[in-house]
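Summary of structural features
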Amino acid sequence: MTNPTTEKQWRITATIDTALCIGDSGAGETGADKSTVKTSDGQLYIPASTLKGVWRHACEVIARSHPHFVCNSPRAENMCPRPEEELEKENTEAMQNNHCIICQIFGSPSSESRIFISDLTLDNDFGAETTAIRSGVTINRGRRVAEDQRLYFTETSLPNAGFEFSGPVTIDRDITDEQIELISAGLNYIHAIGSGKTRGLGWLSLKKIDDTTEPQEIPSIATDSEDTAELSIKVTLESPILTGGRKPSGQAVEAVQYIRGGLIRGAIAKAWLADLESNEPDADFERLFLNEDAGIFRNCTPGPKILPATAVGCKDVSGFLADGKHGIFDTLLERIVSEKANWMYQPNCPKCSGRVESQSGSYTAAKASYKERHLNTRLLTRVAINRQRRVAEDELLYHLTAIDPVFVKSEKANSQEKIKSEKVILHGSARIPSDLVNKVAQTLQQKVKRLGGGNSRGLGKVCIAVDKQQASDMMSKRIKVFNEELQAVWKTYADLPNTEIDPFEGTYFSVNLQSDAILTAEDGWQRSMVLTAPMLQEMAGGTTDVTLVRSFASYNYVGGWNAAWGLPKETALVTQMGSVFVFHTPDIDAWLSKLQTLENIGIGNRREEGFGQIAICDAFHFRSREQVQSEYLIKNKEETL
């Protein structure tokens, strides 16, 4: 019998009876040969992947004693689904879709897990000292003395200190009563965890309580009378998250510094289909995901702004002044005019006059104070355990690069250095039909609790808040200021001796990529890295005269996974976010409405997944080297006084 309406929530508490050691993938600061895992701020925890592996093994032992057919994990080729000819020879009791009861609960290479485990975090406050170093030595069996070069040190938690770890476990609503009984029995079967169990480490007692609560009602969001509405999305990371990326070495996946809009979109689609009895799209689903004017879900980034490719900073001390660095400024206006005047433009650092290099990433701007927002990554090492030998399985070691869920800062107070941490919050937006605003908002806030890969092993846990998007500054005003600033630089160059430059005519505007873009050339099929004038005219649906003046672009490749098809997406050439394209037109009035439309819906392919989002005449182009230098002199004078 299943519960068709809600997920079941358990809270697991682990009380450590001895000392705990769960091997870390990196070298510890203690110098021990084997470190134990800690969070970014130095706190002990029990990884969800470790708990899930032990829990699954316990359930396998119990299931085989019933007897149930249980596949041979951890190798994928020996796991479910089982071929039909093999099922005829086995006891197929409790089999569903050729999957044994263990794979139905914990998942397999071809099926999703029905149990989602979170990291167990430390409940006690023991201060800074939570670990101890144990020494060990191998004994020579023949001489009964210490073996040469076999002394080692292990980092463990403080022994017999009464550490308590706890964390939530979510159980899918499709799970059966028999499966609930099995995982409850499996939890009671666990008596030790981590490494060194036969030597007295990791012995514990586990208990669970039912923590299921009804979801709170979400206030409605008022919308305008227009057909589409803009929503702001705020994602708070509760655990490390796998954001995906390229595999440059074939072993570890690079983590991108944002959550792709496609992850948000896919999570909503999955939740809506799960609520439908037939799992077939209804009218609302088709409007949001399948129609030509489908909803657009933009990337969630650590900062609301993306640095343009023309932004540069000191090569030795790069960063904004507010972050204690040498400052970042933009070079677009100077580059355009210097090329028109046939001058070589080579800027230097406004603080130390050193060399500068291109900057990238996201940032925040409040009251002319710019701060960089860069996410920290964590390398997670995982290995499958051989069920018979209880050691690491050959050739099943792998690495994951995940975004760390906290910012860790070091602050000094009263001559003492303190570590301060704050949760990572990512900001995004969506453009959806007005009558679906509240349905989308409720789904994101109540049902989307996990994003990315490794959900059942404690990764990708998020808390999402949705609100109405605030109106941004007018695009026409940005274009006007852009040309005023450009004309001022133009006049400065024109007044220089021995300089020939044509008069300033017409209107210039820049197209800034706020996300990666998948562009197709005007021939209709070939990928392009550069946004050309004919491509822009075709996207805008008009033939108004426009000329590409300059482009600052770089490329990358992007893939992905289509969960609905169960197949990888086609690898596509993308123009990287931050790329800048400058155009000139003699009739800007004919372009204003078209540029506003492109800024709202984006350019290129797969826009509904967050690709191709643009900003016209980004305000960061107005931040010149002289402005940064002036701010530095003022700040230096204030500190001197």
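Quick note: structure is the one above.
Residues numbered from 1 in each chain as written. Predicted model: local features only at pLDDT ≥ 70, side-chain atom pairs only at ≥ 80, totals over all residues. Heavy atoms only, no water.

1. Considerations on the packing of helix H7 (residues 332–340) against helix H9 (residues 475–494)
For the pair H7 and H9, the least separation of the axes is 9 Å and the interaxial angle reads 45°. By the angle class used here, H7 and H9 are oblique. Helix-helix and strand crossings are classified by hand; for H7 and H9 the assignment is right-handed. Residue-level contacts link Leu332, Leu333, Glu334, Ile336, Val337, Ser338 and Lys340 of H7 to Phe482, Glu485, Leu486, Val489, Trp490 and Tyr493 of H9. (Axes fitted to C-alpha atoms, helices over the stretch in contact; angles between N-to-C directions. Helix = DSSP H or I, 4+ residues; strand = E, 2+ residues; numbered from the N terminus. Parallel < 35°, antiparallel > 145°, perpendicular 65-115°, else oblique. Left-handed = near helix turned anticlockwise from the far one by under 90°. Contact = heavy atoms within 4.5 Å.)

2. As for the sheet that holds strand S23 (residues 507–513)
Pairing within the open sheet is antiparallel, and its four strands lie in the order S26-S31-S23-S32. Two strands lie at the open edges of the sheet, namely strand S26 (547–552) and strand S32 (614–616), each paired on one side alone. Strand-to-strand twist in this sheet, taken as the mean axis angle between neighbours without regard to direction, amounts to 20°. Here S26 runs beside strand S31 (residues 580–585); their pairing, made up of five bridges, is antiparallel. Along S31, the bridge assignment pairs Ser551 with Phe581. In the packing of helix H11 (residues 589–601) onto the sheet, contacts are made with S23, S31 and S32, and the angle to S32 comes to roughly 150°. (Pairing = 2+ DSSP bridges.)

3. So, a negative patch on the surface
Taken together, the side chains of Glu226, Asp227, Glu292 and Asp293 present a region of like negative charge at the surface. Within the secondary structure, Asp227 is located in the loop between strand S8 (204–210) and strand S9 (228–237). Judged by its relative accessible area of 68%, Asp227 falls in the exposed class. (Patch = residues over 30% accessible without salt bridge, like charges linked within 9 Å, V, L, I, M, F, W, Y side chains within 5 Å. Areas by Shrake-Rupley, 256 points an atom, 1.4 Å probe, with all protein chains shown as cover. Salt bridge = Lys/Arg side-chain N within 4 Å of Asp/Glu carboxyl O. Lys, Arg positive; Asp, Glu negative; His and termini not counted. Charge placed at Lys NZ, Arg CZ, Asp CG, Glu CD. Buried < 20%, exposed > 50% of the residue type's maximum accessible area, 1.4 Å probe, protein only.)

4. Focus on the side chain of Ser118
If you trace the backbone, Ser118 turns up in the loop between strand S3 (115–117) and strand S4 (120–122). Ignoring sequence-local partners within four residues, the contact set of Ser118 consists of Ala48, Pro168, Gly458 and Lys461.

5. Description of the packing of aromatic side chains
Per the stated rule, a full pass over the model turns up 17 aromatic pairs. Judged by centre distance (5.7 Å) and plane angle (85°), the ring pair of Tyr370 and Phe620 falls under edge-to-face. Separated by 250 residues along the polypeptide, Tyr370 in strand S16 (residues 369–373) and Phe620 in the loop between S32 and helix H12 (625–640) bring together distant segments of the chain. Comparing Tyr370 with Phe620, the two get one shared label, buried. (Phe/Tyr/Trp six-rings, centres within 6.5 Å; stacked < 30°, edge-to-face > 60°.)

6. Structural notes on the pairing of strand S17 (residues 377–385)
Residues Arg378, Leu380, Arg382 and Ala384 point to one face of S17 and are all buried, whereas Thr377, Leu379, Thr381, Val383 and Ile385, pointing to the other face, are not buried. Two strands pair when backbone bridges link them, and S17 and strand S18 (residues 392–403) are joined in this way by eight bridges, in the antiparallel orientation. Bridge pairing links Ile385 to Ala392 in S18. The hairpin formed by S17 and S18 contains six residues between the paired strands, and Arg390 there has a positive phi angle of roughly 60°.

7. Details of the sheet that holds strand S11 (residues 305–306)
Here three strands make up an open sheet; going across it, the order is S11-S15-S16 and the pairing antiparallel. The open sheet terminates on both sides in strands that have one partner only, identified here as S11 and S16. Looking at chain direction, S11 and strand S15 (residues 362–366) are connected through two bridges and run antiparallel. Within the sheet, the bridge partner assigned to Lys305 lies in S15 and is Tyr363.

8. Concerning empty space enclosed by the protein
Scanning the model with the defined rule gives one cavity of 30 Å³ or more in all. Within this model, the largest cavity holds a volume of roughly 40 Å³. Lining the largest cavity are Tyr45, Pro47, Asp119, Pro240, Arg378, Leu380, Arg382 and Leu459. Of all the elements, S17 adds the most residues to the lining of the largest cavity, at three residues. Taken together, the residues of the lining of the largest cavity sort by class into five nonpolar, no polar and three charged. (1 Å grid on protein atoms, 1.4 Å probe; cavity = no way out; pocket = protein on both sides within 12 Å on 5 of 7 lines; lining within 4 Å. Points joined across faces, edges and corners; volume = space filled by probe spheres on them. Nonpolar A, V, L, I, M, F, W, Y, C, P; charged D, E, K, R; others polar.)

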